[in-house]
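Chain residues, written in single-letter form:
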Amino acid sequence: MTASQRVVILVEDEKQIRKFLRTSLESEGFTVYAADGGRQGLVEAATRKPDLLILDLGLPDVDGVDVIRDLRAWSDVPIIVLSARTGEAAKIDALDAGADDYLTKPFGVGELLARIRVVLRRFSTLPGDCDRGDFRFGSVHVDFHKRRVFRAGAEIHLTATEYRLLGMLIRNAGKVLTHRQLLREVWGPAHIESSHYLRTYMAHLRQKLESDPARPKHLITETGVGYRLVVE
Amino acid sequence: MNDQRPDPDRLLERVRKEDTQRQRGRLKIFFGACAGVGKTFAMLSAAHGLKAQGVDVVVGVAETHGRVDTAGLLTGLEVLPLKAVEYQGRQLTEFDLDRTLARKPETVIVDELAHSNLPGSRHAKRWQDVEELLDAGIGVYTTVNVQHLETLNDVVGQITGIRVWETIPDTVFDRADEVTVVDLPPDELLQRLKEGKVYVSEQIERAAQNFFRKGNLIALRELALRRTADRVDAQMREYREDRSIRSVWQAKERLLVCVGPGPDGGRLVRGAARFAANLRADWIAIYVETPRLQRLSGNDRDRILRTLQLARDLGAETVTMGGSHVAATLLSYARSRNVSKLVVGRTSRPLWRRFATSVAEQLSLMAPEVGVYVVGYEPDVHGAGGSSGLAQERRVIAGGRRHNSTRGYVVAVAACAGTTALAMLLANRVSLTNIAMLYLLSVMLVAFRYRRGPAVLSAVLAVLAFDFFLVPPKLSFSVSDAQYVITFVVMLAMALVISNLAHNLRYQARVATLRERRARSLYEAARELSGAVQTEQIVEIARRNIQGVFQAETAVLLPDRAERIVDSSPAGEASNAPRTDTAVAQWVFDHQQPAGCGTDTLAASAFYYLPLKAPIRSRGVLALAPRNPRLVFVPEQHRLLETFASQIALALERVHFVRVAQEALMKIESERLRNSLLSAISHDLRTPLTALVGLTSTLAGGTELPEHSRRELAQAAADEAMRMSSLVANLLDMARLQAEGVQLNRQWHVLEEIAGSALRALSKSLAGRDVRVSLDAGLPLIYVDGVLIERVLYNLVENAVKYARAGSSIRIAGWIREGELAVSVEDDGPGLPPGMLESVFDKFTRGQRESSTSGVGLGLAICKTIIQAHDGRIWAENARGGGARFIFTLPLLEPPEVPEQFDAGVDGAPGGK
């Protein structure tokens, strides 16, 4: 599958942003269909068989989060949302509704392309992959079969919760997971408001796995939104 | 030439009058000689005429008295429902003033202008309702009978022998825009009466036969027609003045009527009113209070107040003055006001006082140039009932006095007995003349100490005792030597003179004490008020002082910004204490007139409401619930109250203007701040914009640029854009924090994580910097808004990057001190200049002025706002190494449990840390 065959639908009402995104995406070999509103975007998504949807949350006609919900009813095409800086709540809603990643305006094209790469790779290799034998990031090596974790060759002892948390992050490597998503998966639905559990265990994980826990390279905080495991 | 000129004052007054009339509604009066002439019928017919012309006319109240043809006229007119009023357990109806004001028709029919409203209504009289309607610009059609005119009331009473108590001031009648006489010849009226077409009210039914005598009817008709003719005459004169036809230029006359304590004050005032009207003169009613008059019973004083009130209603200016000599005070006032005529009442005096000169005589002796008119009195004008009631009351008062001074009589008897005993002892050694002196001394002492009664008793007893025990022949009242008679007379005279003198002296002293007390209370209130800087203080001072002086429950009611009076009395006050009525207070505030008890307006209220009039406008309402109304309404107390009120109003106004001035200052200050923000922003936004425009236009135009230059330019443009983005972010943050206030989304956070994400967000500008983070191990969770605290760290670190040398290190530390979490950000830069340590957190402050380092200086201000919202502190200091060090603290709370049960089934070794 080459990039030239990939189809991107771009839903963005600002003409100038649409223009530079289209230019840069096309120069990367994507076929771009642009829509300036949510309804048109949904029509495009239904007809163009897209590989990726880039969606601005602040649309004039419908709420971007509603577009995601509508879309998720019949498609699991990867979605990257674009949002304003202060819209933490909107970002969380979008991610909880099923968006895969988000970018805060203003952003550079390099950043966008990097996110697209991660999302597309995850999507193409997703089913069953978490069951593969082992996973590496930085100097950390996770052996799933033996349920053991090594850092720079030395074994690190993780508690059951820490291990579940790490597993969840690895399964979604590169993707932002909201607090709710993580809490529901790791602690269960009864604890989705207990974000301090998550923060405490995340700090433990960093202590154990990061070389400088105060400046983590892999277990990244998305402020006000959630966490992301950055692999490279 | 001059004599052709109309009086400019009069012209001005007419202009003013016409001005008020233009906004006022028009008043049309249907005027009749007596009941039954068909006034209501004529009025309703006229209303139909108005309606036919398209005028919005409604019926407020119409008394048809069951007459079919009159009631028939109501059909086709909008009739406003009457207000139901409960009075003494009975359901009664009354004209609904508020409904009419709300309905605001062009013209309203309000029958029976002289009607007295039920107690508890806003105004005591219907004509006052009508005044308010006219003030509101609503035209009024109404009816009046001649006997209801105040000045004709007693004349009609004399003619018919029936006195009606419902009257209207003549000024209302004279100011009516139109008066239509509804006339019926007496014969026809009598015919109608026989046919039962005339409504006869229950009160006068018995007297009706007398009333509806032909002679009476003719007299009443004449009165009505003459009164109307007077009005037409006045109109004619006014018209001629308008046209400057009048050839004589005359100074305006001014009349002064002197009101005394006599029972016929009302008659005097009414007479003076008629006199003034005939002369077309202004008139003033004056009451001169002498020490003797101050001794009058409360009842008499109340009557004087009523008389003054009547004069005010009849259009007079009223004045109360204090003075020891009536005539002199009157004359000095008369001269000061340029009064040409004085009206005084003839007083009925007991025979023995007729030798003294009356006020009228004194006046004509002292000021021959002033005309003095004496109005005769009518003996027993109020009928036996009223007079006997009065007498009864006097007796009650007198009785009380007698009881109080029983002691005086006992002392008088005791003194006499004592003196007699002493005299008996001395009788053989001392001559009788000197013994008489002893008696004289005892009489003098009693007279000095007690009232006249004990003094006289003591004198009589002394004479008798002296005669009986000492003057030969002893133990007998017969006197051998006639010259002792002289001793008796002298003794009696002495007793009377001294008791009078002493009494006057005591009285003067008491008056002086009272005056001094009033002056002192006023002085103290004034001093306190002048020191007050807040409205609440003024209210408190006013309440305290007035409560003390007038013994009245006091409240100061103030308007809010929308000019609505708000009830400011504390809610927790005793429930049985009377409550002020906000609606009444509002009325007082709007109309700038007193209301409540003691006035004509809403007299049923427990409170007396007084507007707080200041030079610019009303500032509020003073409400008093007097325990003893006389303490508030006697002239001198009322004057004191008015002075208090104006002092309070002045203080309120002063405080108001101080506040206005402060607000203006603050406005200027914030204006200045806004300007400095604007200039700072425009500088900081224009710089990157200029760079951006330059860079991108170079890129767009220069096709021959080498590839690496193009890249460099593009990268520079991107950097500039990011710089601007962070500036805009700061501006938006500040605007949001200030507009919405800081709204914290608090959760339990780990400091390390917050620091980590702040550093990550800054990773680009931190490239090549040595950043060291040293957080103490085991820092607890902190309960903060993570996004905002990250913003604080971000701004502090960014600030450090901005000011420290490239390649220098930035150190972030976190530790616990005194129950707080402290976080510091330290750099190796030049540090802060002394004196900047505080101001660095102000908006738009930068370490170096107009430096190439961008940023409006909002970053630190945002930090301060956020930290303060978290109940923390933030400050700057210079580190020992020379760099700047910013420290903030956050309070530590008990962190929630993080349960370990999830780790129960550990399948590795336990978490090692």
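Residues numbered from 1 in each chain as written. Chains lettered and ligands numbered in written order. Predicted model: local features only at pLDDT ≥ 70, side-chain atom pairs only at ≥ 80, totals over all residues. Heavy atoms only, no water.

**Notes on the overall build of chain B**
We apply this condition: Strands here mean DSSP runs of E at least two residues long; helices mean DSSP runs of H or I at least four residues long; both are numbered from the N terminus. Only protein chains enter the area calculation, which uses a 1.4 Å probe; residues under 20% of their type maximum are buried, those over 50% are exposed, and those in between are partly exposed. Contacts were defined at the residue level, with two residues in contact if any of their heavy atoms lie within 4.5 Å. Using a 1.4 Å probe, the Shrake-Rupley method yields the accessible areas, and only the shown protein chains count as cover for residues.
If you tally the helices and strands in chain B, you get 30 helices and 25 strands. Put simply, chain B has 913 residues, and 43% of those count as buried. Of the contacts formed within chain B by residues at least 6 apart in sequence, a portion of 71% connects residues at least 24 apart. Split by element, the accessible area of chain B, about 47500 Å² in all, is 55% carbon and sulfur.

**Topic: the pattern of salt bridges**
Where we set the bar: Throughout this description, the term salt bridge denotes a Lys or Arg side-chain nitrogen within 4 Å of a carboxyl oxygen of Asp or Glu.
With the rule as written, the count across this model stands at 47 salt bridges over all chains. Asp66 of chain A serves as the salt-bridge partner of Arg69 of chain A, at 3.3 Å between the closest nitrogen and oxygen. With Arg69 of chain A and Asp66 of chain A both in helix H3 (residues 64-72) and three residues apart, the pair spans about one turn of that helix. When the shortest N-O distance is used, the salt bridge between Glu540 of chain B and Arg544 of chain B registers 3.6 Å. With Glu540 of chain B and Arg544 of chain B both in helix H21 (residues 535-550), this residue pair falls four residues apart, about one helical turn. Looking at Glu540 of chain B, the relative accessible area reads 41%, which means it is partly exposed. Residues participating in the shared-partner salt-bridge network are Arg811, Glu826, Asp828, Glu877 and Arg885 of chain B.

**What to know about the sheet that holds strand S24 (residues 873-878) of chain B**
All names here are of chain B. Short version of the rule: Whether two strands pair comes down to DSSP finding at least two bridges between them. Every axis in this analysis is a line fitted to C-alpha atoms, fitted for helices over the stretch in contact. Angles between the N-to-C directions lie between 0 and 180 degrees.
With mixed pairing, the five strands of this open sheet are ordered in space as S20-S22-S23-S25-S24. What marks the edges here is a single partner per strand, and that holds for strand S20 (770-775) and S24. For this sheet the average axis-to-axis angle between neighbouring strands, irrespective of direction, equals 15°. Direction of pairing for strand S22 (residues 809-817) relative to strand S23 (residues 820-827): antiparallel, over a ladder of eight bridges. Within the sheet, the bridge partner assigned to Arg817 lies in S23 and is Glu820.

**A word on the sheet that holds strand S3 (residues 78-79) of chain B**
All names here are of chain B. One open sheet holds the six strands; their spatial order is S3-S2-S6-S7-S1-S8, and the pairing between them is parallel. Where the open sheet ends on each side, the last strands, each with one partner, are S3 and strand S8 (178-182). Lying on the sheet, helix H2 (residues 39-52) is in contact with strand S1 (27-32), strand S2 (57-61), strand S6 (107-110), strand S7 (139-145) and S8; it crosses S7 at an angle near 165°. Here helix H5 (residues 126-135) sits on the sheet in contact with S1, S2, S6 and S7, set at roughly 180° to S6.

**Let's talk about the environment of Ala700 of chain B**
For Ala700 of chain B, the position within the fold is in helix H24 (residues 635-701). Separated by 10 residues in the primary sequence, Ala700 of chain B and Arg710 of chain B have C-alpha atoms spaced 9.7 Å apart.

**A word on the nonpolar core**
We count it as follows: Only buried residues count toward a nonpolar core. Its members are Ala, Val, Leu, Ile, Met, Phe, Trp, Tyr and Cys residues joined through side-chain atoms within 4.5 Å.
Counting residues in hydrophobic clusters, the biggest one holds 55 residues, and the most contacted among them are Ile29 and Phe31 of chain B. Core analysis: the next-biggest nonpolar cluster, separate from the first, contains 44 residues, Leu766, Val771, Leu793 and Phe886 of chain B among them.

**A word on the environment of Gly161 of chain B**
Residues and elements named next belong to chain B. Mapped onto the secondary structure, Gly161 falls in the loop between helix H6 (150-160) and helix H7 (170-175). The exposure class assigned to Gly161 is exposed, which follows from its relative accessible area of 62%. A sequence separation of 55 residues divides Gly161 from Asn216, and the C-alpha atoms of the two residues are 9.7 Å apart.

**Quick look at a nonpolar patch on the surface**
Residues and elements named next belong to chain B. Operational definition: By definition, no residue in a patch forms a salt bridge, and every one has over 30% relative accessible area; like charges are joined within 9 Å, nonpolar side chains (Val, Leu, Ile, Met, Phe, Trp, Tyr) within 5 Å.
Taken together, the side chains of Val460, Leu464, Phe477, Leu492 and Leu496 present a nonpolar region at the surface, about 390 Å² in accessible area. Where the nonpolar patch is concerned, the elements lending two or more residues are helix H19 (452-470) and helix H20 (483-531). As for its placement among the helices and strands, Phe477 is situated in the loop between H19 and H20.

**Considerations on the packing of helix H26 (residues 751-761) of chain B against helix H28 (residues 786-803) of chain B**
Think of two packed helices as two axes; the pair is described by the angle between the axes and how far apart they sit. Residue and element names in this part refer to chain B. To be explicit about the condition: An angle below 35 degrees is read as roughly parallel, one above 145 as roughly antiparallel, one from 65 to 115 as roughly perpendicular, and any other as oblique. Crossing handedness follows the turn of the near helix against the far one: under a right angle anticlockwise gives a left-handed crossing, and clockwise gives a right-handed one.
The N-to-C vectors of H26 and H28 enclose an angle of 50°; their axes lie 9 Å apart at closest approach. Relative to H28, the element H26 is oriented oblique. Handedness of the crossing formed by H26 with H28: right-handed. Each of Ile754, Ala755, Ser757, Ala758, Leu759 and Ala761 in H26 lies in contact with H28, whose residues at this interface are Gly786, Ile789, Glu790, Leu793, Tyr794 and Val797.

**Quick notes on the side chain of Asp827 of chain B**
Residue and element names in this part refer to chain B. Quick reminder of the rule: The sign given to each residue is positive for Lys and Arg and negative for Asp and Glu; His and the chain ends receive no count.
By the secondary structure assignment, Asp827 is in strand S23. No salt bridge is formed by the buried Asp827; the nearest opposite charge belongs to Arg811, separated by 7.0 Å. When residues no more than four places from it in sequence are discounted, the contact partners of Asp827 are Ala800, Ala804, Ser809, Arg811, Gly883 and Ala884.

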